[in-house]
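# Examination of the molecular architecture
Spelled out, the chains give:
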Amino acid sequence: MKAGIYDPYLNILGGGERYVMTLAKYLSQKGYEVDIFWNDKAIKSKIEKQLGISLNRVNFVEDIFYPRRNLLERWKITRKYDVIFYLSDGSIPFLFGKRNYLLFLVPFINVQGHGLLNRVKLIKINRVISISKFTKKLIDKEYGVESEIIYPPVSIEDFKSLKKKNIILSVGRFTKALHNKRQDILIETFQRVVKGDLKNWELILIGGVEEKNDYVSKLREKITGYPIKILTNISYERLRKYYGESKIYWHATGFGEDEIKHPEKMEHFGITVVEAMAAGCVPIVISQGGIPEIVTDKINGFLWKTKDQLKELSLQLIKSENLRQKLAGQAIKDSQGFSEKIFCQKISKLVAVQ
């Protein structure tokens with residue numbers, strides 16, 4: 001059995017890449033010969049280091065999707081695959097595998113999804129998959145499909161609650177592009193909290209970054225003189241340790257944006273939120289996008305909409321260790337619903353359908 005996987009954003013190494021690489025690992029373990037369409041084979045070691053996913057049975061082959069190849073040539077290549085998974089960048093490709101699956105992480109709108117050419121391409125798509133209810137609602141409307149929800153896999157067994165320290169943690173790429181994690185808002189809020197005489201607490205921001213990044217430079221200027229750390233491109237092992245030691249997890253993706261007009265700027269799911277929960281790190285996260293599908297307000301964490309709410313809820317948790325422990329315990333339990341095991345079970349059922 002032969003499987004092909006394409007992710008146009010593979011070099012970013014974010015949540016979407018964890019999704020498709022876990023998929024690749026699982027299919028290879030089930031006996032599939034798995035090919036990833038990507039020209040730079042050095043990406044394999046980067047994936048294993050930063051995402052902690054072993055790909056020793058996975059092949060990286062020539063990218064037949066970009067730059068765009070002749071349709072006949074693509075037909076000759078893709079028809080050899082039993083299954084093909086294609087992560088969409090808003091477009092729909094011509095796929096000719098025996099079974100073809102189209103993945104949507106981003107809730108694209110206003111991309112002419114109902115166009116005639118897309119309807120023709122969808123004829124060869126066996127199933128459309130969305131990563132959350134938030135994404136599904138918009139994708140189904142835009143493309144006229146009935147997608148299936150398969151939540152991203154989280155290796156919850158990798159994350160354990162360790163001896164807790166007075167740390168507020170946030171994890172996400174450092175970029176001002178489309179999917180800005182709004183670390184600037186978190187820094188500003190923490191500075192306000194510290195100025196209110198909060199002692200012995202630290203804010204740690206962790207994320208991937210390209211070599212030259214003005215956004216990170218500006219953030220570093222902001223944190224001078226404050227107990228705030230910015231850590232970039234750290235190993236998966238170090239990341240796990242920070243999750244385990246932190247008491248509170250902050251998330252602000254989509255802050256200040258209109259969820260209806262710009263759903264693509266929201267957090268489409270929130271893998272890092274689940275990772276934090278699995279480590280007993282209580283989430284205090286923005287109530288937008290796919291986040292409310294993970295966090296139930298006042299049950300396993302807190303949801304906020306304004307910077308004042310983020311500040312006040314954080315102080316409430318800091319001042320009550322009993323409340324923190326109660327929410328942390330429930331967060332650990334609820335994180336189990338997004339396990340890699342459940343993800344693999346859904347993928348297994350999906351590819352088993354002839």
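See the structure printed just above.
Residues numbered from 1 in each chain as written. Predicted model: local features only at pLDDT ≥ 70, side-chain atom pairs only at ≥ 80, totals over all residues. Heavy atoms only, no water.

### A few points about the packing of aromatic side chains
This structure, assessed with the given rule, holds 18 aromatic pairs. On the basis of an interplanar angle of 40° and a centroid distance of 4.8 Å, the ring pair of Tyr6 and Phe65 is categorised as tilted. Of the two residues, Tyr6 is situated in strand 1 (residues 2-6) and Phe65 in the loop between strand 3 (58-61) and helix 3 (71-78); the sequence distance between them amounts to 59 residues. Connected via pairs of aromatic rings, a cluster forms that spans Tyr6, Phe37, Phe65, Tyr81 and Tyr86. A cation over an aromatic ring shows up here: Lys121 above the ring of Phe94, its NZ or CZ 5.3 Å from the ring centre. (Phe/Tyr/Trp six-rings, centres within 6.5 Å; stacked < 30°, edge-to-face > 60°. Helix = DSSP H or I, 4+ residues; strand = E, 2+ residues; numbered from the N terminus. Lys NZ or Arg CZ within 6 Å of the ring centre and 35° of its normal.)

### Observations regarding the pattern of salt bridges
In total, this model carries 20 salt bridges according to the counting rule given. For the salt bridge of Glu188 with Lys222, the shortest nitrogen-to-oxygen distance reads 3.8 Å. Of the two residues, Glu188 is situated in helix 6 (residues 183-195) and Lys222 in helix 7 (residues 214-222); the sequence distance between them amounts to 34 residues. Lys229 is paired through a salt bridge with Glu202; the nearest N and O atoms lie 3.4 Å apart. Of this pair, Lys229 sits in strand 10 (residues 228-232) while Glu202 is found in strand 9 (residues 202-207), placing the two residues 27 residues apart along the sequence. Look at the salt bridges and you will find they share partners, linking Lys2, Glu33 and Asp35 into a network. (Salt bridge = Lys/Arg side-chain N within 4 Å of Asp/Glu carboxyl O.)

### Observations regarding the pairing of strand 6 (residues 127-130)
The pairing of strand 5 (residues 99-104) with strand 6 spans four bridges and is classified as parallel. Opposite Phe104, over in strand 6, you have Ser130 as the bridge partner. What joins strand 5 to strand 6 is helix 4 (residues 116-122), and the crossover it makes is right-handed. In this structure, strand 6 lies alongside strand 7 (residues 148-149), joined through two bridges in parallel fashion. By the bridge assignment for strand 7, Ser130 is matched with Ile149. (Pairing = 2+ DSSP bridges. Right-handed = clockwise from strand over helix to strand, strands pointing away.)

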